[in-house]
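Remarks on the overall topology
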Amino acid sequence: MARPVHPEFDKTKVVAENRRARFEYFIEEKYEAGICLTGTEVKSLRFGEGSIAESYAEVKNGEVWLVNSNVPEFSHGNRFNHVPKRPRKLLLKERQIAKFTGAVERKGMTLVPLSIYFNSRGRAKVELALCKGKNVADKRATMKDRDWKRDKARIMKDHG
């Protein structure tokens, strides 16, 4: 019997979110991945510090790495503190990694982290998306839709 598929991941505490990614890319599929962190990185993330604004994920030698994510040094850390912008390994199944490799190489898609969060068990997770880039016209249409929704809500509030 197959496992039930959860429609959304159980995010209890969102640490960092990449809101720009939803504007820059068409999101095809979302995945949940574990992330390899050191002790001071976990402490820093629990304090709500961290950024994935300019980060991306890449497949190297059969492993997926989160590149250019910033987890600042822990304020109460000692000389064993971590490096803030080091590449971090993402924990995924081999089948998912093979799928990512094919999509990135053949279809020209991009792996973009959407958020870093702690799940209900207290584990740090990354919401990773397989995306296709938008062109200028698509971005313009997105802005137009967003503005219309805002205006529509304002009109409904005033007259309804």
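Nothing here was measured: the structure is a model prediction, and the numbers come from that model. Each chain carries its own residue numbering, running from 1 in the written order of its sequence. Restriction of local features to residues with pLDDT of at least 70 applies here, the model being predicted, together with a cutoff of 80 or more for giving and counting side-chain atom pairs; totals for whole chains, interfaces and linings are based on all residues. The side-chain values count all of the structure's non-hydrogen atoms but skip hydrogen atoms and water molecules.

**Description of unusual backbone geometry**
Leave glycine aside and you will find that most residues have negative phi; peptide bonds, for their part, are mostly trans. Selection criterion: The helix count covers DSSP runs of H or I at least four residues long, the strand count covers runs of E at least two residues long, and both are numbered beginning at the N terminus.
Non-glycine residue Asn-61 carries a positive phi angle of around 50 degrees. Looking at the element boundaries, Asn-61 is found in the loop between β3 (56-60) and β4 (63-67). Although it is not a glycine, Asn-68 adopts a positive phi angle of roughly 70 degrees. With respect to the helices and strands, the residue Asn-68 is situated in the loop between β4 and β5 (88-91).

**Let's talk about the confidence of the model for the protein**
Applied cut-off: pLDDT expresses, on a scale from 0 to 100, how confident the predictor is about each individual residue.
Across the protein, the average pLDDT comes to 89, with 96% of residues at 70 or higher. Confidence, expressed as mean pLDDT per element, reaches its minimum in the protein at helix α1 (residues 20-24) with 88 and its maximum at β5 with 95.

**Topic: the side chain of Asn-18**
The cut-off we apply is this: Note on definitions: a residue-residue contact is assigned when non-hydrogen atoms from the two residues lie within 4.5 Å.
Tracing the backbone shows Asn-18 in the loop between β1 (13-17) and α1. Apart from residues lying up to four places away in sequence, Asn-18 is in contact with Ile-52, Ala-53, Val-112, Pro-113 and Leu-114.

**Some thoughts on the packing of aromatic side chains**
The criterion, for reference: Pairing of aromatic rings covers Phe, Tyr and Trp, the last through its six-membered ring, and needs centres within 6.5 Å; plane angles under 30 degrees mean stacked, over 60 mean edge-to-face, and all others mean tilted. Type-normalised accessible area, obtained with a 1.4 Å probe on protein chains alone, sets the label of each residue: buried when under 20%, exposed when over 50%, and partly exposed for intermediate values.
A full pass over the atoms with the stated rule returns two aromatic pairs. Pairing Tyr-31 with Phe-100 gives two aromatic rings, centres 4.9 Å apart and planes at 85 degrees, and the pair type is edge-to-face. Of this pair, Tyr-31 sits in strand β2 (residues 25-35) while Phe-100 is found in helix α3 (residues 94-106), placing the two residues 69 residues apart along the sequence. Of the two residues, Tyr-31 and Phe-100, neither departs from the other in class, the shared state being buried.

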